Amino acid sequence: MHGDARMQRRVLITGGAGFIGSHVADALIARGDRVRVLDALLPQVHGSDRRRPAYLSADVELVEGDVRDPAAVKRALASIDVVYHFASRVGVGQSMYELADYTSVNNLGTAVLLEALIATPVQRLVVASSMSVYGEGLYRDSRGRLHDRVQRTPDQIAGGRWDPRAEDGSELAPVPTPETKPPLLASLYALSKHDQERMCLMVGAAYKIPTVALRFFNVYGPRQALSNPYTGVLAIFAARLLNGRPPLLFEDGRQQRDFVHVRDAANACLLALDVEEAAGRAFNIASGRAMTIREVAERMAGILERNLAPHVTGQHRVGDIRHCTADLSLARRVLGFAPQVGFDRGMRELAVWLEAQSAVDRFEHMRAELADRGLAV
Ligand code: UD2
């Protein structure tokens, strides 16, 4: 029960028919807010018939339209109190060959939205940013010094020396990455996410629209679009396992990520709306727990009861970082964010959802597309 005297808010979610946005819509509706979604229903996510997704709450008012279309954005903004901006192209690898479209949807789309917000201000704007803005996460050397501009060289990668090293060649250990780590943008996607974040915070400050950026780490859970070859690793692994195939690990599978359940991510989105002191800042949204990709593959196989050991490809996916996990201190302190969904429970839920879908294995498709363009070595 939300028994407070909180006013019902009218919320617009751009890209709200998608994975994270639709969960945010559910959470808002559950507490009595009214939700409108502006979504272009991209075929890569929603299938070629571009139908309203079955999972989207019947209480959502869906406005079909492109965030780059000023008229559609203006219509969608009518009588709205607060805005979540989630409309984006989201494939990291794909962003390295569909350069114009990524720049257009992500950067221009944000600019169009912001111009509309200048004309029709709202009480709050929350923008989806990404851990990809960090590039490699933060590292510490054996003497305790922090390294925040680590990058693997092509030579290192070609030689299969997967872990980054300090400039003097010494070993580095990954540590949780705080928001203060300088950005290191390694893909058009990361560049556009960083632009979206900065554009929103900058224009928000200039026009006194309290704005919050959320840097999502690896979000997983039901509604991940399996038809999308650029969906996250967990859904890819689960789909392969359900099709009787072993997960394929890039590099040696010991790269670390931080997986956060989509309901926890949605909860962070609500906090970003409610917590006044959040305005003007960017927050990591993650679980705060490091996990290797190999462990993820093994645990998923266990949960799905498929006796299929992951297969190490020794291949590097261009643009991939080695390790990045979140320091959640800021989100905990300022937003009061506390992730609730444990990994095993979350994976089980994802598996149930995937089993109900026709689990299409898109891995080969993704690899072929990247290989065609010389992007996988
Ligand atoms: C990217 C973005 C992140 C978010 C996410 C979407 C970066 C650094 N991060 O994260 O912001 O958009 O995509 O989920 O740009 N892997 C395999 N086998 C596979 C697929 C992936 O081993 O079949 C590995 C991959 O090499 C990487 C890890 O799994 O090391 C995670 O891959 P991902 O695509 O799920 O997400 P990630 O971290 O690249």
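For the structure itself, look to the data block above.
Residues numbered from 1 in each chain as written. Predicted model: local features only at pLDDT ≥ 70, side-chain atom pairs only at ≥ 80, totals over all residues. Heavy atoms only, no water.

### As for helix 11 (residues 343-356)
For helix 11, built from 14 residues, the straight-helix expectation of 20 Å at 1.5 Å per residue is met to within 8% by its first-to-last C-alpha distance of 20 Å. Against strand 10 (218-220), helix 7 (233-242), strand 13 (259-261), strand 15 (291-292) and helix 9 (293-303) lie the buried residues of helix 11. (Helix = DSSP H or I, 4+ residues; strand = E, 2+ residues; numbered from the N terminus. Expected span 1.5 Å × (residues − 1). Contact = heavy atoms within 4.5 Å.)

### Some words on the sheet that holds strand 8 (residues 172-175)
The strands that make up a sheet pair up through hydrogen bonds in the backbone, lying either parallel or antiparallel. What the three strands build is an open sheet, ordered 7-6-8; its pairing is antiparallel. Looking at strand neighbours, the two that pair on one side only are strand 7 (146-147) and strand 8, the edges of this open sheet. Strand direction decides the pairing type here: strand 6 (residues 138-141) and strand 7, joined by two bridges, are antiparallel. Counterpart to Y139 in the pairing with strand 7 is H147. (Pairing = 2+ DSSP bridges.)

### Here's the deal with the packing of aromatic side chains
How two aromatic rings sit relative to each other is given by the distance of their centres and the angle of their planes. Applying the stated criterion across every chain, the model contains seven aromatic pairs. Between the aromatic rings of Y220 and F259, the centroid separation amounts to 6.5 Å while the plane-to-plane angle is 75°, which identifies the pairing as edge-to-face. With a gap of 39 residues between them, Y220 in strand 10 and F259 in strand 13 connect regions that are remote in the sequence. Accessibility classification places Y220 together with F259 in one group, the buried group. Positioned over the ring face of Y97 is R373, at 3.8 Å from the centre of the ring. (Phe/Tyr/Trp six-rings, centres within 6.5 Å; stacked < 30°, edge-to-face > 60°. Buried < 20%, exposed > 50% of the residue type's maximum accessible area, 1.4 Å probe, protein only. Lys NZ or Arg CZ within 6 Å of the ring centre and 35° of its normal.)

### Some points on the packing of helix 9 against helix 11
Interaxial distance between helix 9 and helix 11 falls to 10 Å at its minimum, and their mutual angle equals 60°. Crossing geometry of helix 9 relative to helix 11 is assigned as right-handed. In this structure, helix 9 contributes V296, R299, M300 and I303 to the contact, and helix 11 contributes F343, D344, M347, R348 and L350. Here the contact of helix 9 with helix 11 is composed, by residue class, of six nonpolar, no polar and three charged. (Axes fitted to C-alpha atoms, helices over the stretch in contact; angles between N-to-C directions. Left-handed = near helix turned anticlockwise from the far one by under 90°. Nonpolar A, V, L, I, M, F, W, Y, C, P; charged D, E, K, R; others polar.)

### Overview of the environment of Y55
Within the element layout of this structure, Y55 appears in the loop between helix 2 (43-46) and strand 3 (61-64). When its relative accessible area of 19% is taken as the criterion, Y55 is described as buried. Separated by 32 residues in sequence, Y55 and H23 place their C-alpha atoms 9.3 Å apart. Ignoring any residue separated from it by four or fewer positions in sequence, one finds Y55 in contact with A17, G18, S22, H46, R223 and W353. Separated by 2.6 Å, the side chain of Y55 and the backbone oxygen of A17 make a polar contact. (Polar contact = N/O pair within 3.5 Å; in protein donor to acceptor, adjacent residues only side chain to side chain.)

### Looking at the site of the ligand
Neighbouring the ligand are 20 residues, the closest being S130, V233, L248, R257 and D320. Within the contact set of the ligand, an oxygen atom lies 2.4 Å away from a side-chain nitrogen or oxygen of D320. Starting from 730 Å² of accessible surface for the ligand in isolation, the protein chains cover 92%. Every element with two or more residues in the shell around the ligand is listed here: helix 7 and strand 11 (248-249). The greatest single-element share of the shell around the ligand, amounting to three residues, is contributed by helix 7. Class assignment for the residues of the shell around the ligand results in twelve nonpolar, five polar and three charged. (Near = heavy atom within 4 Å. Areas by Shrake-Rupley, 256 points an atom, 1.4 Å probe, with all protein chains shown as cover.)

### Focus: the sheet that holds strand 9 (residues 211-216)
Pairing within the open sheet is parallel, and its seven strands lie in the order 3-2-1-4-5-9-14. Two strands bound the open sheet, and with one partner strand each, they are strand 3 and strand 14 (281-285). The average angle at which neighbouring strand axes cross in this sheet is 20°, direction not considered. Note that strand 2 (residues 34-39) and strand 3 share four bridges and pair parallel. Across the sheet, residue D39 finds its bridge partner in strand 3, namely E64. Of the strands in this sheet, strand 1 (10-14), strand 2, strand 4 (82-85) and strand 9 touch helix 1 (residues 19-30), which is tilted by about 170° from strand 1.

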